[in-house]
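Structural characterization, general
What follows is each chain in one-letter form.
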Amino acid sequence: MNLNRLVDMNATKFPEREALRYEGRSTTFSEIKKGAERVAGLLQSRGIEKGDKVAIMSRNNPSFVLTFYGALKAGGVAVPINHKLTAAEVTYILEHSGAKVLFFDSGLADVAKKIVLSVDKIAIEGAVERLPDLDGLLRQAHPFRPVPVDDDDPAELLYTSGTTGKPKGCVHTHKSVVAAGITGALVLKLDQRDRMLMAMPIWHSSPLNNWFMGTQYVGGTTVLVREYHPLTFLETIRDEKCTAYFGAPISYILPLRMIPTFDDFDLSSMRCWVYGGGPMAADTARMVMAKYKADTFYQVYGMTEAGPTGTTLMPYEQVSKAGSIGATALPGTELRLMKLDGGEARPGEVGEIWLRSDSMMQGYFKDEPATRAVFDEDWYRTGDMARIDDDSYLFIVDRMKDMIVTGGENVYSKEVEDAVAAHPGVMETAVVGIPNPEWGETVAAYIVLDKDAEVTEADLKAFLADRLAKYKIPRSYTFVESLPHTPSGKVMKYQLREESA
């Protein structure tokens, strides 16, 4: 199975079925195929050949889908780009990937115009001065020539979120993307009746590969929201009768904090709620389930490199194992928890999560040393540290690079963050290590308070006194309006470290 065949099969099996829903308008599966082939014909008329990179920088809209599939139909490799990046950051990705074409949302024209590379730039929503517009170009005749594509041919070049610096490009094949979609469909038991809400950026690995592709694979409908907003999130579920949603933990918390009329929204159409991109503290998970009045929450864990696939905490485990990422790997995936000194971790011990999956990347694009560094034969070393309990459930304790060593003691930032987040006045927190000449590092907390909450450093120290060993309690507390996040919801801790340096 490859993605081009999936497009053709859906157009044959479900020609008039609603594949996409966007701002009150529908796109059928047959319209997706026709649109993708027209985009492919346009690309071929501009010299795109098999294996060429086609970059797409867009918010969520049907044009993203058509250009994504169009790139693949032309035999190319799609390079989805974070629409929140600056021109310099986009330029780096275009240069590194060698992309020959950049499709961009016309709302991002200011960024596109600042890119001075000799890349073919095409607006995909509305005309932009001096730059060609996709709608106009597609009105011209550009015959489409089918290109043979093998399952093992590259389909995507997905750039990591860059939480530690320059992003790396993960090469995914048609086969690995299809495997990630099948896994998503199996976990949620998706079928043709499902309406998947896509409010997280569709260009990101899990929304694109697990949930969009999973929905496409079974012939369901994807409801696109141009960009996440707490109110739009609730209104779309209510109005479009969505049945499933994947989002970062913060996307569940913001509506509770920002929408006073939250309880008035009818969310009864939802049959499954999925969160991932970062673990949710146990107390927060229980609170969210209570507020949403649902016992159908799934916690998913994975990495862009792995498809993403990894583990899941099923709805029936959410209360008894709140805060865990689950005990076993997803279908098509294997898991190990390896101690740093060798050997598999036993109950009560901490180890690094290793994954092996059908949806694994081929490697990092143009970076063989980095690829070798993260693979042990065909096992991918995630860099995530987890503790395993007596029932074999895993609890993330830290990224290996985020572990703090203070006075010779190891401090896992996730443990401290969970303790701080349990304070009723705290909305979100991040903990990092700050270099110290005497202690090596000291523990520093950045804190976002709930609206109208009045919490002091002394309050937090007193609150933590009975919850953490003394050496784990933060030495410094910085109260901020917000934390820096990647679009997938991960906190960019390197920015906090730079601010503290």
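Residues numbered from 1 in each chain as written. Predicted model: local features only at pLDDT ≥ 70, side-chain atom pairs only at ≥ 80, totals over all residues. Heavy atoms only, no water.

This next bit is on the pattern of salt bridges. A complete count under the given rule lists 32 salt bridges for this structure. Between arginine 21 and glutamate 18 there is a salt bridge; the shortest N-O distance is 3.7 Å. Relative accessible area serves as the criterion here: at 19%, glutamate 18 is assigned to the buried category. Here arginine 226 makes a salt bridge to aspartate 105, at a shortest N to O gap of 3.0 Å. Of this pair, arginine 226 sits in the loop between strand E10 (221-224) and helix H9 (230-240) while aspartate 105 sits in the loop between strand E5 (101-104) and helix H5 (109-113); the two residues are 121 residues apart in sequence, bridging distant segments of the chain. Judged by relative accessible area, which is 25%, arginine 226 ranks as partly exposed. Through salt bridges with shared partners, a single ionic network connects Asp8, Lys33, Glu37 and Lys73. (Salt bridge = Lys/Arg side-chain N within 4 Å of Asp/Glu carboxyl O. Buried < 20%, exposed > 50% of the residue type's maximum accessible area, 1.4 Å probe, protein only. Helix = DSSP H or I, 4+ residues; strand = E, 2+ residues; numbered from the N terminus.)

This paragraph deals with the packing of helix H10 (residues 249-258) against helix H11 (residues 282-291). It is at 11 Å that the axes of H10 and H11 come closest, and there the two elements cross at 60°. With respect to H11, the axis of H10 lies oblique. For the pair H10 and H11, the crossing hand works out as left-handed. Taking contact as the criterion, the partners of Tyr252, Ile253, Leu256 and Arg257 in H10 are, on H11, Thr284, Met287, Val288 and Lys291. Looking at side-chain class alone, the contact of H10 with H11 contains 5 nonpolar, 1 polar and 2 charged residues. (Axes fitted to C-alpha atoms, helices over the stretch in contact; angles between N-to-C directions. Parallel < 35°, antiparallel > 145°, perpendicular 65-115°, else oblique. Left-handed = near helix turned anticlockwise from the far one by under 90°. Contact = heavy atoms within 4.5 Å. Nonpolar A, V, L, I, M, F, W, Y, C, P; charged D, E, K, R; others polar.)

Let us look at unusual backbone geometry. Between glycine 307 and the following residue, proline 308, the backbone shows a cis peptide bond with an omega angle of 5°. Within the fold, proline 308 resides in the loop between strand E13 (297-302) and strand E14 (310-313). In this structure, lysine 293 takes a positive phi of about 50° despite not being glycine. With respect to the helices and strands, lysine 293 occurs in the loop between H11 and E13. Positive phi outside glycine occurs at lysine 366, with the angle close to 55°. Mapped onto the secondary structure, lysine 366 falls in the loop between strand E17 (363-364) and helix H12 (368-374). Residue class for lysine 366 comes out exposed when judged on its relative accessible area of 57%.

On to helix H8 (residues 205-218). Between the first and last C-alpha of H8 there are 19 Å, a value that for 14 residues agrees with the 20 Å anticipated at 1.5 Å per step. The largest bend along H8 reaches roughly 25° and is located at phenylalanine 212. Counting buried residues in H8 gives 13 out of 14 residues, a clear majority hidden from the surface. (Expected span 1.5 Å × (residues − 1). Bend = angle between axes of the 7 residues up to and from the residue.)

Our next topic: the nonpolar core. Counting residues in hydrophobic clusters, the biggest one holds 98 residues, and the most contacted among them are Tyr69, Phe103, Tyr245, Trp273 and Tyr292. Among all residues touching tyrosine 292, those that are not within four sequence positions of it are Phe233, Ser251, Tyr252, Pro255, Leu256, Phe262, Leu267, Trp273 and Phe297. (Core = buried A, V, L, I, M, F, W, Y, C linked by side-chain atoms within 4.5 Å.)

Think of two packed helices as two axes; the pair is described by the angle between the axes and how far apart they sit. The contact between helix H1 (residues 3-13) and helix H2 (residues 29-45) brings their axes to 7 Å, and the two run at 140°. When the interaxial angle is binned, H1 and H2 end up oblique. Relative to H2, the crossing made by H1 is left-handed. Judged by residue contacts, Val7, Asp8, Asn10 and Ala11 of H1 engage Phe29, Ser30, Ile32, Lys33 and Glu37 from H2.

A sheet is described by the order of its strands in space; here 8 strands give the open sequence E2-E1-E10-E9-E11-E12-E13-E14, paired in mixed fashion. A single partner strand is all that each edge strand has here, and the edge strands are strand E2 (25-28) and E14. Each strand of the sheet is rotated relative to its neighbour by a mean of 20°, with strand direction disregarded. For strand E11 (residues 244-247) and strand E12 (residues 272-275), the ladder comprises 4 bridges, and the chain directions are parallel. (Pairing = 2+ DSSP bridges.)

Right, let's talk about the side chain of threonine 183 for a bit. Residue placement: threonine 183 occurs in helix H7 (residues 174-188). Separated by 3.0 Å, the side chain of threonine 183 and the backbone oxygen of alanine 179 make a polar contact. (Polar contact = N/O pair within 3.5 Å; in protein donor to acceptor, adjacent residues only side chain to side chain.)

Another aspect to go through is the packing of aromatic side chains. A ring pair, where both rings are aromatic, is described by two values, the distance of the centres and the angle of the planes. Enumeration over the complete set of coordinates arrives at 18 aromatic pairs. Relative to phenylalanine 246, the ring of tryptophan 211 lies with its centre 5.8 Å away and its plane at 25°, an arrangement referred to as stacked. Of the two residues, tryptophan 211 is situated in helix H8 and phenylalanine 246 in strand E11; the sequence distance between them amounts to 35 residues. Residue tryptophan 211 is classed as buried on the basis of its relative accessible area, which comes to 3%. With a relative accessible area of 10%, phenylalanine 246 lands in the buried category. With centroids separated by 5.5 Å and ring planes inclined at 65°, the aromatic side chains of tyrosine 245 and tyrosine 252 adopt a geometry described as edge-to-face. The ring of tyrosine 364 carries the charged tip of lysine 168 above its face, separated from the ring centre by 5.2 Å. The ring of phenylalanine 463 carries arginine 467 above its face, with NZ or CZ at 3.6 Å from the centroid. (Phe/Tyr/Trp six-rings, centres within 6.5 Å; stacked < 30°, edge-to-face > 60°. Lys NZ or Arg CZ within 6 Å of the ring centre and 35° of its normal.)

Before going further, it helps to spend a moment on the environment of alanine 112. Residue placement: alanine 112 occurs in helix H5. Separated by 19 residues in the primary sequence, alanine 112 and leucine 131 have C-alpha atoms spaced 9.5 Å apart. Non-local contacts of alanine 112, meaning those with residues more than four positions away in its chain, are made with Phe104 and Lys121.

What the 3 strands build is an open sheet, ordered E23-E24-E25; its pairing is mixed. At either margin of the open sheet sits one strand with a lone partner, and together these are strand E23 (426-436) and strand E25 (476-479). Averaged over all pairs of adjacent strands, the angle between their axes in this sheet comes to 25°, without regard to strand direction. Here strand E24 (residues 440-449) pairs with E25 via 4 bridges, running parallel. Looking at the pairing, isoleucine 447 lines up with phenylalanine 479 of E25.

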